Amino acid sequence: MDSYEDEDVERARSLSSGPPPGDAPEPADQPESLTEPESDPEPDSDPEPESDPEPGPQPRYESQPQFESEPESAHTSGMAALSLPYQVAAAVSLAIIGALACVHLAMVFLHVAPSNTVTKQYGEAVDGWVYPEFEQNWKLFAPNPLQQNVAVQVRAEFTVSDGSRRSSDWIDLTDEDGEAIRGNILPSHVQQNELRRAWDFYVNAHDSENRPNGLRGQLSESYVRRIVMQRLDAHDLGGPVERIQLRSSTRSVKAPEWSDEKIDTRPVHRVLPWWTVTAADLPGGVRNGRTEAGA
């Protein structure tokens, strides 16, 4: 009896103590489905607020690019970005431009303003500034605005190599000005108005028989002759120009399609007499080695 009890006691001791740490076999991996899920907190119990983590150094990831701050000078623009000498030059240039703009506006205002004490005293200076590039008129807003197209044309008599004289065809100078203006985003004011104003100046200073009707008759003739010779200087006629003849071709503007007005659009010409070209009419005073053209 004693031997059986002793064996049972030793067997119980061996089961309670378990195998030695070094000899215990590794437990086999159990499938996840057999693992017991963690118990969810009770819905009635309030979760304890998590304590804020203590501030510490943030981890630095080498994969993220590090952007360096741009210098403050890179954000400046305009005149502040220029060096001091350039700032001074820009300020002086703006001041000059502003002064010229103010002078120009004042001259134009005095030109279109009614006669007053200033215009009576400084009228010549005002006209010298305005004419011919900045001339102002009110024909567009007149009760009867211009409804005609006026073209200035010229033909020349020139000497060829054998000594004989020939006449050219009529050259439309107004059409040349129009071609120079079309498609030009910055057309010249001279191209737009120089020839037209010269012809108006001549017509207003002469009667229908081309006789001067005032003291400005000879001046208007010389003015238009010089302009025409400057334009002919760009044409190769085949010899030096001896005489020129001008004419105007006036054509009324056609009435719009919705209008019942009947307008005659046939051109009407005003032909001037032949003028002998002199040295005063030539560009620069001398051309082709001559100081005066033959009669």
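Residues numbered from 1 in each chain as written. Predicted model: local features only at pLDDT ≥ 70, side-chain atom pairs only at ≥ 80, totals over all residues. Heavy atoms only, no water.

Q: How would you sum up the side chain of Ser168? Please name residues and give values.
A: With respect to the helices and strands, Ser168 occurs in the loop between strand S2 (165–167) and strand S3 (171–172). Classification of Ser168 by relative accessible area gives buried; the value is 13%. Those residues in contact with Ser168 that lie beyond four places of it in its chain are Arg155, Ala156, Phe158 and Leu237. (Helix = DSSP H or I, 4+ residues; strand = E, 2+ residues; numbered from the N terminus. Buried < 20%, exposed > 50% of the residue type's maximum accessible area, 1.4 Å probe, protein only. Contact = heavy atoms within 4.5 Å.)

Q: Before we move on, could you go through helix H4 (residues 173–181) and cite the residues and values that matter?
A: Considered for burial, the residues of H4 that qualify are Leu173, Asp177 and Gly178. Buried residues in H4, looked at end-on, bunch into an arc of 145 degrees, giving them a common side. Two or three places before Thr174, at the start of H4, stands the capping residue Asp172, its side-chain oxygen 3.2 Å from that residue's backbone nitrogen. Once H4 finishes, Gly183 follows within two positions and takes phi at roughly 75 degrees, a positive value. (Arc of directions from axis to C-beta. Polar contact = N/O pair within 3.5 Å; in protein donor to acceptor, adjacent residues only side chain to side chain.)

Q: Can you lay out the nonpolar core for me, pointing to particular residues and giving the numbers?
A: By size, the foremost hydrophobic cluster in this structure holds 24 residues, and its most contacted members are Val154, Val228, Leu232, Ile244 and Leu246. Contributions of two or more residues to this core are made by strand S1 (148–159), helix H5 (189–204), helix H6 (217–232) and strand S4 (241–252). For this core, the element with the most residues is H6, which contributes five residues. Those residues in contact with Leu246, other than ones at most four positions away along the chain, are Val152, Gln153, Val154, Trp170, Trp199, Val224, Val228, Arg270, Val271, Leu272 and Trp275. (Core = buried A, V, L, I, M, F, W, Y, C linked by side-chain atoms within 4.5 Å.)

Q: Talk me through the confidence of the model for the protein chain; I want residue IDs and the actual numbers.
A: For the protein chain, the mean per-residue pLDDT works out to 77, and 67% of the residues sit at or above 70. Taken element by element, the protein chain is modelled with least confidence in helix H1 (residues 2–17), mean pLDDT 59, and with most confidence in S3, mean pLDDT 95. (pLDDT = per-residue confidence, 0-100.)

Q: Tell me about the packing of aromatic side chains, and please be specific about residues and values.
A: Within this structure, the stated rule accounts for three aromatic pairs. Among the aromatic residues, those joined into a cluster by ring pairs are Trp199, Tyr202 and Trp275. Seen from the ring of Trp170, Arg247 lies directly overhead, with NZ or CZ sitting 4.3 Å from the centre. (Phe/Tyr/Trp six-rings, centres within 6.5 Å; stacked < 30°, edge-to-face > 60°. Lys NZ or Arg CZ within 6 Å of the ring centre and 35° of its normal.)

Q: Lay out the pairing of S1 with the relevant residues and their values.
A: The pairing of S1 with S4 spans eleven bridges and is classified as antiparallel. Bridge pairing in S4 places Gln153 opposite Arg247. Two strands pair when backbone bridges link them, and S1 and S3 are joined in this way by two bridges, in the antiparallel orientation. In the strand pairing of S3, Val154 is matched with Ile171. Inspection of the sheet shows S1 paired to S2 by three bridges, in the antiparallel sense. Residue pairing for S2: Phe158 is matched across the bridge by Arg166. (Pairing = 2+ DSSP bridges.)

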